[in-house]
Amino acid sequence: MRSFIAHTLSAFILVAPAIPADAAIVSVTGPNGTNGADADPGENGGPGDPSTADAGHSPTNTDIVNRATATGGNGGGGGASTGFGNGGSGGAGGAASAYAATSASGGALEATAIANGGRGGGGASLGNSGEGGVGGNAFSSSSATATGLDNAELLSETIGGTGGSANTVSNAGAGGYGKSETSGVSDSGSLTLNAIDQGGAGGDGDQGGDGGLASAKLSGSSGSGAVVVLANTFGGNGGTGDTHGHDGGAAIVSMDTIQSVSGDIGAGLSAQGGQGAGNTPTNAPGNTGGAGGAASINGTAISTSGDILLNAGALGGSGGDGSNGGQAGAGGSATVNINATSTSGKANTTAIASGGVGAGDADDLGGDGGGANAIATSSGVDASASTTATGGNGGTSFTGGAGGKAVATSTATAGAGATPMAMAAAVGGKGGDGSLAGNGGNANATANAMAGGVTAEAAATATGGAGGAATGGAPGIGGDATATANAVSSMAAAGVTATAQSPGGGPASAIALAAIGPGAPPPVVISAGQSESVAILTPGEAKGEMSAGYGGEGETLVYETRADFSFTTAQSEPLYLTLLGSDADGNGFDRLELAVVTSANITPLDYVFTSLRSAEMFFADNTIDLGLEAAGPQMVDISLFLTASGSGDGFGFSYTVTVPEAPTWAMMLAGFAGLALAATVRGRRLARVA
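Residues numbered from 1 in each chain as written. Predicted model: local features only at pLDDT ≥ 70, side-chain atom pairs only at ≥ 80, totals over all residues. Heavy atoms only, no water.

1. Comments concerning the overall build of the chain
To be explicit about the condition: Numbered from the N terminus, helices here are DSSP runs of H or I no shorter than four residues, and strands are runs of E no shorter than two. Burial classification: accessible surface area is computed with a 1.4 Å probe over protein chains only, and a residue below 20% of its type maximum counts as buried, one above 50% as exposed, and the rest as partly exposed. Contact criterion: two residues are considered in contact whenever any of their non-hydrogen atoms come within 4.5 Å of each other. The Shrake-Rupley method, run with a 1.4 Å probe, gives the accessible areas here. Residue values count only the displayed protein chains as cover.
Helix and strand counts for the chain come out as two helices and 39 strands. Residue burial in the chain is summarised as follows: out of 690 residues, 54% are buried. The long-range fraction of contacts in the chain, counting pairs at least 24 apart against all pairs at least 6 apart in sequence, stands at 77%. About 24,700 Å² of surface is accessible on the chain, with carbon and sulfur atoms providing 53% of the total.

What follows is the structure, given as structure tokens:
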């Protein structure tokens, strides 16, 4: 994750200036707690003292540079038992708070706030152990207000204290949180916001301590200067336990609305959940592992005329191993949701989310993989949005864990003269192997591109996670996959691609949507496990192609592909559907159905085929009279249903629809690959059976 940020925003990283004469540097460290005395029972350790460092926050000052560092005292260790009593518990780590602020003028402003929570004291190890002390929390806040051409650079950094350890039949301490708040305002100069937060690790013990939360909150605005935002958060790892490993801490980045009137905005945001801890195998049954911490990022940027570049990546923590038939930890979830809007500039967003891996061991219940959800939205004169979501794999164990679900959604909107591009890819996590194998995770990818005047391009790919391999029983079921691509352009061609695949014959669907454009539609090929629909709509005529190919492993599957045309007529008009020709692979199909619905005929006009030869004859240069449409809004819906069970089978055809020259029109294309088992009966009027 660190390399991701370094790669994507290396151009924005600034070198800290030398310390000027008008600077306030404040550093405060809290004393450590005293160790507990050895006694029967042992005495508890004392808590570490808290600390607060303030440089220009309250009261304010006129220094250009303000830096504050606060360190909490460590908790004292518990005293050992000299007899048969319990050992003493460790003291809590001291909290740390750091505040830095500047609102001076006449130079490069800097506000840096660093806070480190104290370490929790360990419980005594002789006799029955005392409990470990909790780690100290850490909080930092930096803010700046720059006037004129002055630049401002802010840094908020925190590290939560580590939880104290414990031994026999006692609980370890949880890690302290690390939280920061960073905010700035600039007139015409540049503004840099930087946050680094680390939750404290949980201590080790009979039951380990939970990892601490890491959280960064950032906000800022500038008139004409550039704004750069960098944030990295890392949840604390859970502590190892003899009977129960504990959970990793969550990692959160919240970028409140970043605004600039005419300056550019760049952001690199990352969040990584803490690792769930395993346990030390003992003779006790059912020892459980900790869950991985969740990772989430939310961010919004708005500019009137500047360009915007947002990159964000979230990674859920891995689960910890169980033992002796216990439940292994699940992987943490990962969520990214970023939005960029520029009225007259460019907007580009990239969101990556990866769920944590579920844990497992030979005789455990495998942990489920973490889910992943990535959302990127861009709107500008030129715009692109890209998302990648990958579900975590399920843990391999006696019972395999389920793969995590993956959802990727991209939306790009551009004005006249530009080509918006939206790309979405989703991959479900693999099910864990085992005697009872886990199922693969579902995958859903959606890409939407909308252009105000030229070409729009959208591509969506979804792959369901593979089911786990079986070492004794049945293998896991592959995850479902759904891909939807939608491209809308008011003046020119819209390029769309939607692909979906699911291993092991699981359901898969692919939907392609396109809007108005001149020329001919791109050729459609018959692809295993996919359905495709493409079309170009021009005044007077719509040209399209459809296909579906079988992608299962011998089971009967139904594939659906569809084209919907909407338009408005000024007077009553006759409509015709002309079938231009077809193509087939293998034996084609077990059953094929063509259904046509119009505004005048809501009941579908159906054509059903069980013979490839009869279908080929029907789809060759055949014009179908769709009837006389009255004036007003109209609709023509064409659907193809292919039922197949043979490897290599598939069917496709091309067509035209006469569409009167109308003031408004729209088009939707759709395809569903391997949508469901062929077990439904449709109540439709059959016009011809061949």
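Moving on from the model shown.
2. What to know about the nonpolar core
Selection rule: In these notes, a set of buried Ala, Val, Leu, Ile, Met, Phe, Trp, Tyr and Cys residues joined through side-chain atoms within 4.5 Å is what counts as a nonpolar core.
Leu218, Val229, Ile258, Leu269, Ile297, Leu310 and Val336 are the most contacted members of the largest nonpolar core, which totals 76 residues. The element that contributes the greatest number of residues to this core is strand β24 (residues 443-451), accounting for five residues. Discounting chain neighbours no more than four positions away, the residues touching Ile258 are Leu193, Leu218, Ser219, Gly220, Val227, Val229, Ile265, Thr300, Ala301 and Ile302. Tyr559, Ala563, Leu575 and Phe651 belong to the second-largest nonpolar core, a separate cluster that totals 33 residues.

3. Structural notes on the pairing of strand β21 (residues 382-390)
The condition that has to hold: A pair of strands is treated as paired once DSSP finds two or more bridges between them.
Alignment of strand β19 (residues 346-354) against β21, held across nine bridges, turns out to be parallel. Paired with Lys346 across the strands is Asp382, a residue of β21. Inspection of the sheet shows β21 paired to strand β23 (residues 421-427) by seven bridges, in the parallel sense. The residue bridging Ala385 from the neighbouring strand is Ala422, located in β23.

4. A closer look at the environment of Asp150
Within the secondary structure, Asp150 is located in the loop between β6 (138-146) and β7 (152-159). Look at Asp150 and you get buried, because its relative accessible area is 13%. Here the alpha-carbon distance between Asp150 and Gly107, two residues 43 residues apart in the chain, equals 5.8 Å. With residues up to four places along the chain from it excluded, the contact list for Asp150 reads Ala104, Ser105, Gly106, Gly107, Ser186, Gly189 and Ser190.

5. Regarding the packing of aromatic side chains
Note the threshold: Stacked, tilted and edge-to-face are the three classes assigned to paired rings of Phe, Tyr and Trp, where Trp is represented by its six-membered ring and a pair needs centres within 6.5 Å; plane angles under 30 degrees give stacked, over 60 edge-to-face, the rest tilted.
Taken as a whole and judged by the stated rule, the model has 10 aromatic pairs. Ring centres of Phe589 and Phe651 lie 5.9 Å apart, and the angle between their planes is 85°; this geometry places the pair in the edge-to-face category. Taken together, the residues Phe589 in the loop between β32 (573-585) and β33 (591-598) and Phe651 in strand β37 (residues 650-659) connect sequence positions 62 residues apart. This pair shows no difference in class: Phe589 is buried, exactly as Phe651 is. The interplanar angle of 50° and the centroid separation of 4.8 Å between the aromatic rings of Phe619 and Phe653 together place this pair among those described as tilted. You can see Phe619 sitting in the loop between α2 (612-618) and β35 (622-629) and its partner Phe653 sitting in strand β37, a full 34 residues away along the chain. Three or more aromatic residues link up through ring pairs in this structure, and these residues are Phe589, Tyr607, Phe609, Phe618, Phe619, Phe651, Phe653 and Tyr655.

6. A few points about the pattern of salt bridges
Quick reminder of the rule: Salt bridges are defined by distance alone: a side-chain nitrogen of Lys or Arg within 4 Å of a carboxyl oxygen of Asp or Glu.
Applying the stated criterion across every chain yields a total of three salt bridges. The residue Glu110 makes a salt bridge to Arg67 at a minimum N-O spacing of 2.7 Å. With Glu110 in strand β5 (residues 109-116) and Arg67 in strand β3 (residues 65-71), this residue pair connects regions lying 43 residues apart in the sequence. For Asp433, the salt bridge is made with Lys430, and the minimal N-O distance between the two is 2.8 Å. Overall, the relative accessible area of 22% leaves Asp433 in the partly exposed class.

7. Looking at the pairing of β7
The alternating pattern of β7 places Ala152, Leu154, Ser156 and Thr158 on a buried face and Glu153, Leu155, Glu157 and Ile159 on a face that is not buried. As defined by bridge partners, β5 adjoins β7 across eight bridges and the pair is classed as parallel. The residue of β7 that forms the bridge with Ile114 is Glu157. Direction of pairing for β7 relative to strand β9 (residues 191-198): parallel, over a ladder of eight bridges. By the bridge assignment, Thr158 is partnered in β9 with Asp197.

8. Notes on the side chain of Ser97
In this structure, Ser97 sits in strand β4 (residues 96-102). On the basis of relative accessibility, which here comes to 18%, the residue Ser97 falls in the buried class. Not counting chain neighbours up to four residues away, the residues in contact with Ser97 comprise Ser51, Thr52, Ala53, Ala70, Ala115 and Phe139.

9. Focus: the confidence of the model for the chain
Note the following rule: Confidence of the predictor in every single residue is expressed as pLDDT, which spans 0 to 100.
Looking at the chain as a whole, its pLDDT mean stands at 85, while 84% of the residues score no less than 70. Overall, residues 662-666 carries pLDDT values under 50, and its contacts beyond four positions in sequence, including any with other chains, amount to 15 contacts.

10. Overview of the environment of Gly121
On the secondary structure map, Gly121 appears in the loop between β5 and β6. When the C-alpha atoms of Gly121 and Asn44 are compared, they prove to be 9.4 Å apart, with 77 residues separating the residues in sequence. In contact with Gly121, not counting residues within four places along its chain, are Gly75, Gly76, Gly77, Gly90, Gly91, Gly132, Gly133 and Gly164.

11. Structural notes on the side chain of Asp649
Mapped onto the fold, Asp649 is located in the loop between β36 (632-644) and β37. Setting aside its immediate chain neighbours within four residues, Asp649 contacts Gly549, Tyr550, Asp585, Gly586, Asn587, Gly588, Phe589 and Ala644.

12. What to know about unusual backbone geometry
A cis amide bond links Asp40 to the next residue, Pro41, at an omega of 0°. You can see Pro41 is positioned in the loop between β1 (23-29) and β2 (51-55). Here the amide bond leading from Ser58 into Pro59 is cis, since omega sits at 5°, within 30 degrees of zero. Position of Pro59 among the secondary structure elements: in the loop between β2 and β3. The backbone of Asp621 shows a phi angle near 50°, a positive value even though the residue is not glycine. Overall, Asp621 belongs to the exposed group, its relative accessible area being 64%.

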